[in-house]
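Chain residues, written in single-letter form:
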Amino acid sequence: MTRRPEAAPRAPLSRDRVLRAAVELADGVGIEALSMRRLAQELGVVPMALYKHVANKEQLLDGMVEAVVGEIDPPAHGSDWQGAVRQRILSARAALLGHSWAAQVIRSRSGPTPAVLAYLDSVIGMFRAGGLSVDLTHHVMHALGSRVLGFTQEVFDAAPDPDPAGPAAMPPEAAAAYPHVAELAGAAAHDGESVLGGGCDDQFEFEFALDLLLDGFERLRGQGWTSGARRAGGDPIA
């Protein structure tokens, strides 16, 4: 009698396995379609089994953010603080580009997760090691905003436009009423494959803004800029 080969034992459920499966599922079906029930089906377990590792959907999303942030390259070492910060932030962007839902989930969190705090702490440390004062670094982090995590928070969220003509195809009445907006919209040429967070946040625009900011921070560092002098009415661009 021929014996059937025994099935390989299923890997035990763990928090790491749950989070990796959730990330893969969101990559495949989108974050809106992710649910605890569907995730349980993917893992071949009953939904209650998930709650031993994540208490609820919000904790699951926090963990997914942690997993994505864990893909960011470690900070580079060297004397060029601008290059090191730029590389770190662009690595964060690359991690988000690999998971199109991640920027949306990060924006939805009520506060930073431990992995995000560790990442922010390392970036702040890079500014401080580069010679920026605590005062200037505080304002630098505000100026960077969401860019420090690799995406630009647009003034208005914009869903991807299915029209190949894109935003340039403004109705004639709107173009006549807002000629400068129409002019800029007609000149826009964005790489849809590298857009994060909607709007115009493609790779070129992101790097353009990031480089302007980093150059400005270096200029202020060299000037010994302080917010106290600025608030007292001193010339911020001496």
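Everything numeric in this text was worked out from a predicted model, so none of it was measured.

What follows concerns the nonpolar core. Core analysis: the largest hydrophobic core is formed by 57 residues, its most contacted members being Leu60, Met64, Tyr119 and Phe127. For this core, the secondary structure elements donating two or more residues are helix H1 (15-29), helix H2 (36-43), helix H4 (57-69), helix H5 (81-97), helix H6 (102-108), helix H7 (114-129), helix H8 (134-144) and helix H11 (203-223). In terms of residue count, the dominant contributor to this core is H5 (eight residues). In this structure Leu60 touches Val18, Leu19, Ala22, Leu34, Met36, Leu39 and Val54, once residues within four positions along its chain are discounted.

Taken together, the side chains of Val46, Met48 and Tyr51 make up a nonpolar region of the molecular surface, amounting to roughly 330 Å² of accessible area. Position of Val46 among the secondary structure elements: in the loop between H2 and helix H3 (47-50). Under the relative-accessibility criterion, Val46 is labelled exposed at 54%.

Their axes nearest at 11 Å, the elements H5 and H11 cross at an angle of 155°. With respect to each other, H5 and H11 are oriented roughly antiparallel. By crossing handedness, the relation of H5 to H11 is classed as right-handed. Here Trp81, Gln82, Val85, Arg86, Ile89, Leu90, Arg93 and Leu97 of H5 come into contact with H11, specifically with Gln203, Phe206, Glu207, Leu210, Asp211, Leu214, Asp215, Phe217, Glu218 and Arg221.

Glancing now at the environment of Val140. Take Val140: it is sitting in helix H8. Of the residues examined, Val140 reaches a relative accessible area of 1% and is grouped as buried. Here the alpha-carbon distance between Val140 and Phe217, two residues 77 residues apart in the chain, equals 7.0 Å. Not counting chain neighbours up to four residues away, the residues in contact with Val140 comprise Phe127, Leu132 and Phe217.

When pLDDT is averaged along the protein, the result is 86; 82% of the residues meet or exceed 70. Note that pLDDT drops below 50 for residues 159-168; the model gives that stretch six contacts with residues more than four away or on any other chain.

Two elements in contact, H7 and H8, have axes whose closest approach is 10 Å; the angle formed by their N-to-C orientations is 130°. On the basis of their axis angle, the class for H7 and H8 is oblique. Both H7 and H8 take part in a crossing whose hand is right-handed. Touching Leu120, Val123, Ile124, Phe127 and Arg128 of H7 are Val134, Thr137, Val140, Met141 and Leu144, all from H8. Counted by class, the contact of H7 with H8 contains eight nonpolar, one polar and one charged residues.

On to the packing of aromatic side chains. Per the stated rule, a full pass over the model turns up three aromatic pairs. Each ring, one from Phe127 and one from Phe217, has its centre 6.2 Å from the other, and the planes form 80°; the classification is edge-to-face. Of this pair, Phe127 sits in helix H7 while Phe217 is found in helix H11, placing the two residues 90 residues apart along the sequence. Of the two residues, Phe127 and Phe217, neither departs from the other in class, the shared state being buried.

Basis of the calculations
- Residues numbered from 1 in each chain as written.
- Predicted model: local features only at pLDDT ≥ 70, side-chain atom pairs only at ≥ 80, totals over all residues.
- Heavy atoms only, no water.
- Core = buried A, V, L, I, M, F, W, Y, C linked by side-chain atoms within 4.5 Å.
- Buried < 20%, exposed > 50% of the residue type's maximum accessible area, 1.4 Å probe, protein only.
- Helix = DSSP H or I, 4+ residues; strand = E, 2+ residues; numbered from the N terminus.
- Contact = heavy atoms within 4.5 Å.
- Patch = residues over 30% accessible without salt bridge, like charges linked within 9 Å, V, L, I, M, F, W, Y side chains within 5 Å.
- Areas by Shrake-Rupley, 256 points an atom, 1.4 Å probe, with all protein chains shown as cover.
- Salt bridge = Lys/Arg side-chain N within 4 Å of Asp/Glu carboxyl O.
- Axes fitted to C-alpha atoms, helices over the stretch in contact; angles between N-to-C directions.
- Parallel < 35°, antiparallel > 145°, perpendicular 65-115°, else oblique.
- Left-handed = near helix turned anticlockwise from the far one by under 90°.
- pLDDT = per-residue confidence, 0-100.
- Nonpolar A, V, L, I, M, F, W, Y, C, P; charged D, E, K, R; others polar.
- Phe/Tyr/Trp six-rings, centres within 6.5 Å; stacked < 30°, edge-to-face > 60°.

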